[in-house]
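Each chain is listed here by its residues.
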Amino acid sequence: MGTFNIIFKGEVIEGKEPQKLAIALARYLKLPEDKAYLLLSGKELCIKKHLNASEASAIHAKLLSVGIITYLKEAALPETKPAAKPSAPERVQQAKPATGTRNQSLKTPHILPSDNAKPRTAHRDYSSLSKGWQMIFNTFDELGVDKVGYRQAIRSDALRQRSLMERRKLRFNFLGALFGPLYYFAKGMFKKGLYLTLALAIVNIAIGMIWALFSDSAFIDRLIVAINTVTFAMQVNYDYYRYYRFKETLWPWLPKWMDKWWGVLSVYTLALVAFFGLSYLIVLSDESDTASTIKDSYLEGYEQTSIGQAFDNWSPCATIKWESHEAKNGTRTVTYHCQMKLNTFKQQEGKAYRLVTHNDDTKMVDLTKQATLQMSFTVNYDDSFIINDAQWDIDLGDHHYQPYVPHDSVLYDIYRDELYLSIVEIFSLKNILSNEFIRDIEQAK
C-alpha cells in the first residue's frame with residue numbers, strides 16, 4: 001500500500017492572516033514559534049511523512065479547516081533487497097485507497113506529482129514596467145512577499161545575499177521620499193496616498209504634543225519631516241506591487257467601507273472636525289493654564305488667601321470673567337473683569353463724589369448705566385507676574401468714562417471685600433489730572 005507525505009507551500013485561504021496561521025502550524029509541528037516565519041518562505045516543505053491515505057486525508061482536512069492549504073504527495077518506496085527464491089508464488093493483493101464520504105464538507109486533497117516530475121513555475125509579465133520596477137517586482141515574487149509579508153521578506157536571508165544596491169532599491173524609493181503622497185497619486189494609489197497622509201498627520205500632531213511637554217527645541221520639526229519622508233520611501237514599493245499585481249486599492253486590514261470614496265470623505269471630514277475641536281480645546285487649555293497661574297498665586301501682604309479666591313468672591317461684583325491673551329511677540333496677559341452690581345456702585349459713587357468734591361450734584365450718578373472694573377496681569381516667562389493699574393469702564397449713556405485707578409486701592413477693597421477706595425480714586429484731583437494726561441497721549445497717537 002502506498003504512503004503519502006503532506007506538503008506545505010506557505011499558502012493559506014484568502015482572507016486568513018498567514019503569520020498567525022504559521023505560528024499555529026509551528027505549534028502543531030512542535031517547532032519554535034520564533035521560527036514560524038520560515039514556514040512561509042514559499043518553498044515546498046514536507047511536514048508529515050509516510051502516512052497512509054486515510055491519515056493523510058484527515059490531517060489535510062484538519063489543516064484546511066483552519067485555513068492552511070496543504071498537498072498530498074506520494075512518498076517514494078524504500079529500496080528492498082530481492083528475496084533469494086520464493087518457495088511459491090505469492091499473490092499480492094493491492095489495498096484499496098480510502099475515500100471520503102459524500103457528505104464530506106472539505107475538498108478532496110490535491111495529490112502532487114512524484115519527485116521525478118518537474119514542477120510548473122508561474123511566470124508573471126511585468127514587461128510594461130520600467131526595468132527598475134521589473135527588478136523590484138520579480139524580487140518580491142521570489143521572496144514570496146505576498147505570503148510571508150513585506151517586513152519578514154526584507155529581513156530574510158535570501159535578500160541579504162543580494163547586492164547592496166538591489167537591497168537599497170527594494171527598501172527605499174527616492175521619488176517616494178521626495179514627493180510623498182504626490183508619488184502615490186501619480187501611480188494611481190489615491191486612497192492609500194490619502195489615508196497614509198492622514199495617518200502621518202495624526203502621528204505628527206501626537207509627537208509634537210508629547211514633545212512640547214518636555215522640550216521647546218526646534219529639533220522636533222526636523223524629526224517629523226524625517227519620519228514622513230522615510231515612511232513614504234519605505235512603503236511605496238510594496239504598496240505599488242500590491243496595486244499592480246492584485247489591484248489592491250486599500251490595505252486589507254482596513255474596513256471595506258473605507259475603500260469607497262464616500263468612506264474617504266467621511267474619514268477626512270471626521271478628522272478635520274476632530275482637528276479643529278482639538279485645536280480649540282488646546283487654546284482653551286492654554287488660556288486656562290495661564291489664568292490659573294495668576295489665580296493660584298498669593299500677593300505679598302495678602303497671604304491670607306489666593307488671588308483667585310479673593311477676586312472671585314468680591315461681593316460688589318455681579319459677574320466675573322477672566323481672560324488670557326498672548327500677543328504676537330509672545331507677551332502673555334491675564335485680565336480680570338468685574339461687572340458691578342449697579343445699585344451698589346451708584347450708592348458708593350454718590351458717597352465718593354460728595355466726599356472728594358464736597359458737591360451734592362448727582363448728575364453723574366444718574367447717568368451711570370453700567371460700571372465694569374478690570375485689572376490686568378503681565379505674566380513673565382517663569383510664570384511670575386506684574387500687576388498693572390486697574391481701569392474703570394463707566395457707561396454714561398452717550399459715552400463711556402474710562403479712568404485708571406492705582407491697583408493698590410483696588411487690592412485694598414478686594415481683600416477687605418468692600419467698595420470704597422476704588423471709587424474714591426476716580427474723583428481725586430491727582431487721578432483726574434493723570435487720566436487727562438493719559439487721554440491726551442492716546443489722542444496724540
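We now turn to the structure provided with this report. Numbers given to residues run from 1 along each chain, matching the order in which its sequence is written. Given that this is a predicted model, residues contribute local features only at a pLDDT of at least 70 and side-chain atom pairs are listed and counted only at 80 or more, while totals for whole chains, interfaces and linings are drawn from all residues. Each side-chain value is derived from all of the structure's non-hydrogen atoms; neither hydrogens nor water enter the calculation.

### A look at the packing of aromatic side chains
Quick note on the threshold: What counts as a ring pair is set by centres within 6.5 Å for rings of Phe, Tyr and Trp (its six-membered ring), and what kind of pair is set by the plane angle: stacked under 30 degrees, edge-to-face over 60, tilted for all other angles. What counts as a helix is a DSSP run of H or I of at least four residues, what counts as a strand is a run of E of at least two, and both are numbered from the N terminus. Only protein chains enter the accessibility calculation, which uses a 1.4 Å probe; a residue whose area is less than 20% of its type maximum is buried, one above 50% is exposed, and one in between is partly exposed. Only when the NZ of Lys or the CZ of Arg is both within 6 Å of the ring centre and within 35 degrees of the ring normal is a charge said to sit over the ring.
Inspection of the entire model under this criterion finds 31 aromatic pairs. Ring geometry for Tyr 150 and Tyr 238: centres 5.0 Å apart, planes at 15°, overall stacked. Of this pair, Tyr 150 sits in helix H5 (residues 150–153) while Tyr 238 sits in helix H11 (residues 219–246); the two residues are 88 residues apart in sequence, bridging distant segments of the chain. Aromatic side chains Trp 322 and Phe 377 sit 6.4 Å apart centroid to centroid with 25° between the ring planes, which places their arrangement in the stacked category. Highlighted residues: Trp 322 in strand E5 (residues 317–326) and Phe 377 in strand E7 (residues 370–379), separated in sequence by 55 residues. With respect to class, Trp 322 is no different from Phe 377; both count as buried. Directly above the ring of Tyr 71 sits Lys 9, whose terminal nitrogen or CZ lies 5.0 Å from the centroid. Geometry around Tyr 244 places Lys 247 over its ring, the cationic atom sitting 5.9 Å from the centre.

### Structural notes on the packing of helix H7 (residues 164–171) against H11
Put simply, the rule is: The convention used is that axes are lines fitted to C-alpha atoms, helices contributing only their stretch in contact, and that angles between N-to-C directions extend from 0 to 180 degrees. In what follows, roughly perpendicular refers to angles from 65 to 115 degrees, roughly parallel to angles under 35, roughly antiparallel to angles over 145, and oblique to any angle outside these ranges. By the convention used here, residues are in contact when the closest approach between their heavy atoms is within 4.5 Å. Polarity classes work like this: nonpolar for Ala, Val, Leu, Ile, Met, Phe, Trp, Tyr, Cys and Pro, charged for Asp, Glu, Lys and Arg, and polar for all others, with Gly in that last group.
Relative to each other, H7 and H11 sit at 90°, their axes nearing to 7 Å. On the basis of their axis angle, the class for H7 and H11 is roughly perpendicular. From H7, Lys 169, Leu 170 and Arg 171 reach across to H11, where they touch Ala 233, Met 234 and Asn 237. Across the contact of H7 with H11, the residue classes tally to 3 nonpolar, 1 polar and 2 charged.

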